[in-house]
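Chains, contacts and geometry: an overview
Spelled out from the first residue to the last, the chains are:
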Amino acid sequence: MSSTASAAYPLPSLSDGPAGLMLEEVPLATLAERFGTPTYVYSRAALTAAFRDWQAALAGRRSLVCYAVKANANLGVLSVFAQLGAGFDIVSGGELARVIAAGGRADRVVFSGVGKSRAEMRQALAAGIRCFNVESAPELERLNEVAGELGQRAPIALRVNPDVDPKTHPYISTGLKSNKFGVAFGEALELYRRAATLPHLRISGIACHIGSQLLDPAPVAEAAAKVLGLVDQLSAEGIVLDHIDLGGGLGIRYRDETPPSVAAYLAPLLAAFGDRREEICFEPGRSLVGNAGLLLTRVEYLKHGEEKNFAIVDAAMNDLARPALYDAYHEAVAVCRSDAPRQRYEIVGPICESGDFLAHDRELALRDGDLVALLSAGAYGMTMSSNYNTRPRAAEVMVDGGQVHLVRERETVEALYAGEHLLP
Ligand code: LLP
């Protein structure tokens, strides 16, 4: 039934039932009937298990796991993590508003990103966030000014760029000299000295993040060693940090990757950390949500071309951009058993672009009207979706045991142009 060589699905709460694929205790076919397609479906059990893995691996240490909201910003998802005691890594004022709307604690929020506006700084200071991860010298000066205007001291960490190659897709590697991210490692010391003289800043920590979908902890350990060296150098000068944030990046299995467990990923980092007094923080996104979600879609047409067979489904690149953007692989699984002949299909959407594909060359037994699940779609799926071709964005549903919660309604076409105006 699955086109994967391995028996187990990357999403642990997915199983084969008499009515086809089930997520926790709910058949996917029931969800498609009730909410239509395309729909993103998440498993609360999988989200919880992923977060608990991080907590367990850090047990007994002063630590904070800040979920990277950009991976999946749905309020239902955020509320699950807020209830588990998570912190949050945000990159915009919009994400901060979501965290607070979902019941997250502002004093557990770290604010990353190279382009923070004055308005976003004011919003974050008013909310009382835990730390600004400052990414440049001009940002440092601006933050000092804005905090001064509000009569506050802004807590800061410098996000340093350790110039380590994470060996991942070039679009998602962020820790190289050539990237726009962070403060050059060689300039960090000088910038901390400058920060220490600014009256409206309070130096709190240091941060680094070198890339995403990492399958090997070695580059992160290398970056961590550099960062720890810098922390000691700072402390010798009397600049004493309270926390060390080693970013996100842990990869997941999409196809046949064998990512380390959270514990194995953290082992070399924690070993390097030893019994240091600073709090250790992380910003995982993908590893918390990626394999907790799937995109449920229905076959509109089977089209047999001269060279290829196409399964044209009702989800498209506007719903799941990763295949078109990164040539990313998502497992495609038929939801119900079918006596249709197994054939190799290009799984494509209705959008008018040749780049609108979701999966290449997958062997599946399909008839039109059948449901297909695209797996490992919980991270950077819905958050990167768009309205291209005036397609309303998908609904989002959270399964919790036998219960089902609609966590985002399907968009309506009217809502898409509600803010637009005709000319007289
Ligand atoms: N912290 C910072 C500063 C980041 O830039 C990122 C991701 C994270 C944490 C979370 O990283 P994660 O644990 O999810 O790897 N759209 C791409 C991924 C872009 C990642 C951007 N930054 C994709 O779909 O693969």
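Residues numbered from 1 in each chain as written. Predicted model: local features only at pLDDT ≥ 70, side-chain atom pairs only at ≥ 80, totals over all residues. Heavy atoms only, no water.

The name that an unreviewed UniProt entry assigns to the protein chain is Diaminopimelate decarboxylase, with the source organism given as Azoarcus sp.. Looking at the Function (unreviewed entry) heading of the UniProt record, one finds this comment for the protein chain: "Specifically catalyzes the decarboxylation of meso-diaminopimelate (meso-DAP) to L-lysine." The protein chain has a UniProt comment under Catalytic activity (unreviewed entry) that states "meso-2,6-diaminopimelate + H(+) = L-lysine + CO2". (UniProt positions renumbered as here; feature names shortened; annotations may be inferred.)

1. Topic: the overall build of the protein chain
Across its full length, the protein chain holds twelve helices and 21 strands. Counting only C-alpha atoms and orienting by the principal axes, one finds that the protein chain spans roughly 70 × 60 × 40 Å. Counting the 424 residues in the protein chain, one finds 56% classified as buried. Put simply, 69% of the contacts in the protein chain that link residues at least 6 apart link residues at least 24 apart. In the form shown here, the protein chain has an accessible surface area of approximately 17600 Å², with 51% of it arising from carbon and sulfur atoms. Within the protein chain, the 51 negative side-chain charges are centred at a point lying 4 Å from the centre of the 41 positive side-chain charges. (Helix = DSSP H or I, 4+ residues; strand = E, 2+ residues; numbered from the N terminus. Buried < 20%, exposed > 50% of the residue type's maximum accessible area, 1.4 Å probe, protein only. Contact = heavy atoms within 4.5 Å. Areas by Shrake-Rupley, 256 points an atom, 1.4 Å probe, with all protein chains shown as cover. Lys, Arg positive; Asp, Glu negative; His and termini not counted. Charge placed at Lys NZ, Arg CZ, Asp CG, Glu CD.)

2. Some thoughts on the domain arrangement of the protein chain
Along its sequence, the protein chain is carved into domain 1 (3-43 + 290-416) and domain 2 (112-284). Relative placement of domain 1 and domain 2: their C-alpha centres are 35 Å apart. Each partner contributes to the interface: domain 1 provides 13 residues, whereas domain 2 provides seven residues. Between domain 1 and domain 2 lies a buried interface of about 940 Å² when both sides are counted; carbon and sulfur atoms form 53% of it. Summed over the shared surface of domain 1 and domain 2, the number is zero salt bridges. Applying the counting rule to domain 1 against domain 2 returns one residue pair in polar contact (both at pLDDT 80 or more). (Domains from an automatic or database assignment. Buried area = accessible area lost by both parts, 1.4 Å probe. Salt bridge = Lys/Arg side-chain N within 4 Å of Asp/Glu carboxyl O. Polar contact = N/O pair within 3.5 Å; in protein donor to acceptor, adjacent residues only side chain to side chain.)

3. Section: the sheet that holds strand β3 (residues 26-27)
Strands sit in the order β1-β2-β3 across an open sheet of three strands; the sheet is antiparallel. In this open sheet, the two strands that pair with only one neighbour each are β1 (14-17) and β3. (Pairing = 2+ DSSP bridges.)

4. A look at the nonpolar core
In this structure, Leu28, Leu31, Trp54, Tyr67, Phe81, Phe88 and Phe132 are the most contacted members of the largest nonpolar core, which totals 124 residues. Ranked by residues supplied to this core, first place goes to helix α8 (residues 218-236) with nine residues. In this structure, this core is formed jointly by two domains, domain 1 (3-43 + 290-416) and domain 2 (112-284), each of which donates at least three residues. If near-sequence neighbours (up to four positions away) are discounted, Leu31 is found in contact with Val26, Gly36, Val41, Leu296, Val397, Val399 and Val404. In this structure, Leu64, Cys131, Ala157 and Cys281 belong to the second largest nonpolar core, which totals six residues. (Core = buried A, V, L, I, M, F, W, Y, C linked by side-chain atoms within 4.5 Å.)

5. A short note on the packing of helix α2 (residues 44-57) against helix α9 (residues 262-273)
Two numbers describe how α2 lies on α9: the axes approach to 9 Å, and their chain directions differ by 30 degrees. With respect to α9, the element α2 is oriented roughly parallel. In the crossing of α2 with α9, the sense of the turn from one axis to the other is right-handed. Across from Asp53, Trp54 and Ala57 in α2, the residues of α9 making contact are Val262, Ala263, Tyr265, Leu266 and Leu270. Residue composition of the contact of α2 with α9, by class: seven nonpolar, no polar and one charged. (Axes fitted to C-alpha atoms, helices over the stretch in contact; angles between N-to-C directions. Parallel < 35°, antiparallel > 145°, perpendicular 65-115°, else oblique. Left-handed = near helix turned anticlockwise from the far one by under 90°. Nonpolar A, V, L, I, M, F, W, Y, C, P; charged D, E, K, R; others polar.)

6. Some details on the pairing of strand β11 (residues 201-207)
Of all seven residues that make up β11, six are buried, and the element is covered over most of its length. As defined by bridge partners, strand β9 (residues 154-161) adjoins β11 across six bridges and the pair is classed as parallel. Bridge pairing in β11 links Ile156 to Ile203. Crossover handedness for the path β11 to α8 to strand β12 (residues 243-245): right-handed. (Right-handed = clockwise from strand over helix to strand, strands pointing away.)

7. Some remarks on the packing of aromatic side chains
Any aromatic ring pair is given by two values, namely how distant the centres are and how the planes are angled relative to each other. In total, this model carries seven aromatic pairs according to the counting rule given. The interplanar angle of 40 degrees and the centroid separation of 4.6 Å between the aromatic rings of Tyr67 and Phe81 together place this pair among those described as tilted. Of this pair, Tyr67 sits in strand β5 (residues 63-68) while Phe81 sits in helix α3 (residues 75-83), placing them 14 residues apart in sequence. An identical accessibility class is assigned to Tyr67 and Phe81; each is buried. These aromatic residues form a ring-pair network of at least three members: Phe51, Tyr67, Phe81 and Phe88. For the cation-ring pair, Lys226 lies above Phe185, with the distance from its terminal atom to the ring centre recorded as 5.4 Å. When the ring centre of Tyr329 is taken as origin, the NZ or CZ atom of Arg362, which lies over that ring, is 3.8 Å away. (Phe/Tyr/Trp six-rings, centres within 6.5 Å; stacked < 30°, edge-to-face > 60°. Lys NZ or Arg CZ within 6 Å of the ring centre and 35° of its normal.)

8. A look at unusual backbone geometry
Note that the residue after Thr37, namely Pro38, is joined by a cis bond; omega there is -5 degrees. Mapping Pro38 onto the fold places it in the loop between α1 (28-35) and β4 (39-43). Of note in the backbone geometry, Gln213 takes a positive phi value of approximately 50 degrees without being a glycine. Residue placement: Gln213 occurs in the loop between β11 and α8. Owing to a relative accessible area of 12%, Gln213 belongs among the buried residues under this scheme. Although it is not a glycine, Thr390 adopts a positive phi angle of roughly 50 degrees. Within the element layout of this structure, Thr390 appears in the loop between β19 (371-374) and β20 (395-400).

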